[in-house]
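Spelled out, the chains give:
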Amino acid sequence: MKNMTVVTNPSVVLLLSLVDYCKTKGVSTYGDFPDDPAARWKLEQSGFFKYVRGLAIPESENPIATIFTKKQKIVKSKFVGEILEEASMTVFGDKRGNEDIFRALTEGMQNTFDHADMKIEGSEEWFLSVEHDKTSKTVSFAFLDNGVGILSSVRKTAEKKGIMSKLAEIERNIRVNLRHGLLQAILEGDLKAEIRSRTGDKKRGKGLPAMMDSFKNNSFSNFQIVTNNVHAILSQDKYITLPIEFSGTMIYFEYNPNNNWQ
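This report concerns the structure included in the present document. (Residues numbered from 1 in each chain as written. Predicted model: local features only at pLDDT ≥ 70, side-chain atom pairs only at ≥ 80, totals over all residues. Heavy atoms only, no water.)

On to the overall build of the protein chain. Assigned secondary structure in the protein chain consists of nine helices and five strands. Reading the secondary structure of the protein chain in the N-to-C direction produces α-α-β-α-α-β-β-α-α-α-α-α-β-β. Residues counted as buried form 49% of the 262 residues belonging to the protein chain. Of the contacts made within the protein chain by residues no fewer than 6 positions apart, 64% connect residues no fewer than 24 positions apart. Approximately 13,900 Å² of the protein chain is accessible, and the part contributed by carbon and sulfur atoms is 51%. (Helix = DSSP H or I, 4+ residues; strand = E, 2+ residues; numbered from the N terminus. Buried < 20%, exposed > 50% of the residue type's maximum accessible area, 1.4 Å probe, protein only. Contact = heavy atoms within 4.5 Å. Areas by Shrake-Rupley, 256 points an atom, 1.4 Å probe, with all protein chains shown as cover.)

Here you go:
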């Protein structure tokens, strides 16, 4: 990281997931600090080193972010509620609720286990970094899971249920780039629940369409998704092809005073 000049909330949680993945494979990781003072400060304040052993980095008394990581199949609502209470204190100065963000986080945590490849150790883990910027009164959420990725999950579901031909027909009807179009179709709710959800529960598989609706309703801002080979920047209606396949899903969004709250 010597030449790194910019450190962001999503990049920290992604780096942590990579270090954790190497650890599950018995591989040691080593690194250096950014020479850039601002980048180094951001990294030290991110909570990253709390989870990395072997370095004696003093813990900040007032870190700008908190990283959470779990390997449990039961999502605790109280835990998510406490995260949102702290976020609302930064954004509004008092404790308020946001049902859309609450649902987005709990659904993401549960989906990690529903959609993980259990043959791969560590694929069932999720990471969440919550960064508080008290100057702009903005809280950013970077959620990452080490699963197979949204698009691969949909294809695995179709293959498992013997409906690959139905999925292929849907993809042929999408005029834009194949993989980008599939992600768009999922976000817009154009795929039926039995194709989206590997659990077979028709009540599940609605997380991404619900998040898209919440974003359109201004429950949060700067909504982005990175999965497989697509980076979707929904605030710009922009889809970027990644040069390297990302096996997993990163969801990022921000909460600020201009957003709605419930």
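There is more to say after this.
A few words on unusual backbone geometry. Positive phi is not limited to glycine here, since K137 has a value of about 55°. Located in the positive-phi region is N222, a residue other than glycine, with phi close to 50°. Its place among the elements puts N222 in strand β4 (residues 221-233). Note on N222: relative accessible area 23%, which makes it partly exposed.

Let us look at helix α1 (residues 9-24). With 16 residues, α1 should cover 22 Å at 1.5 Å per step; its first-to-last C-alpha distance of 23 Å lies within 8% of that length. Along α1, the positions that sit buried rather than exposed are N9, V12, V13, L16, S17, V19 and D20. Buried residues of α1, seen end-on, are gathered within an arc of 165° and therefore sit on one face of the element. Looking at the buried residues of α1, the elements they touch are α2 (37-45), β1 (65-70), β2 (126-133), β3 (138-145) and β5 (238-255). Just downstream of α1, G26 is the residue with a positive phi angle, here 75°. (Expected span 1.5 Å × (residues − 1). Arc of directions from axis to C-beta.)

Next up on the list: the pattern of salt bridges. Inspection of the entire model under this criterion finds seven salt bridges. Here K2 ties to D35 by a salt bridge, and the two come within 2.9 Å at their closest N and O atoms. Pair noted here: K2 is in the segment before α1 and D35 is in the loop between α1 and α2, with a separation of 33 residues, a long-range link. Residue classification places K2 among the partly exposed residues on the basis of a relative accessible area of 44%. Ionic pairing is found between K42 and E131, a salt bridge with its closest N-O pair at 3.6 Å. One end of the pair, K42, is in helix α2; the other, E131, is in strand β2, with 89 residues separating them in the sequence. (Salt bridge = Lys/Arg side-chain N within 4 Å of Asp/Glu carboxyl O.)

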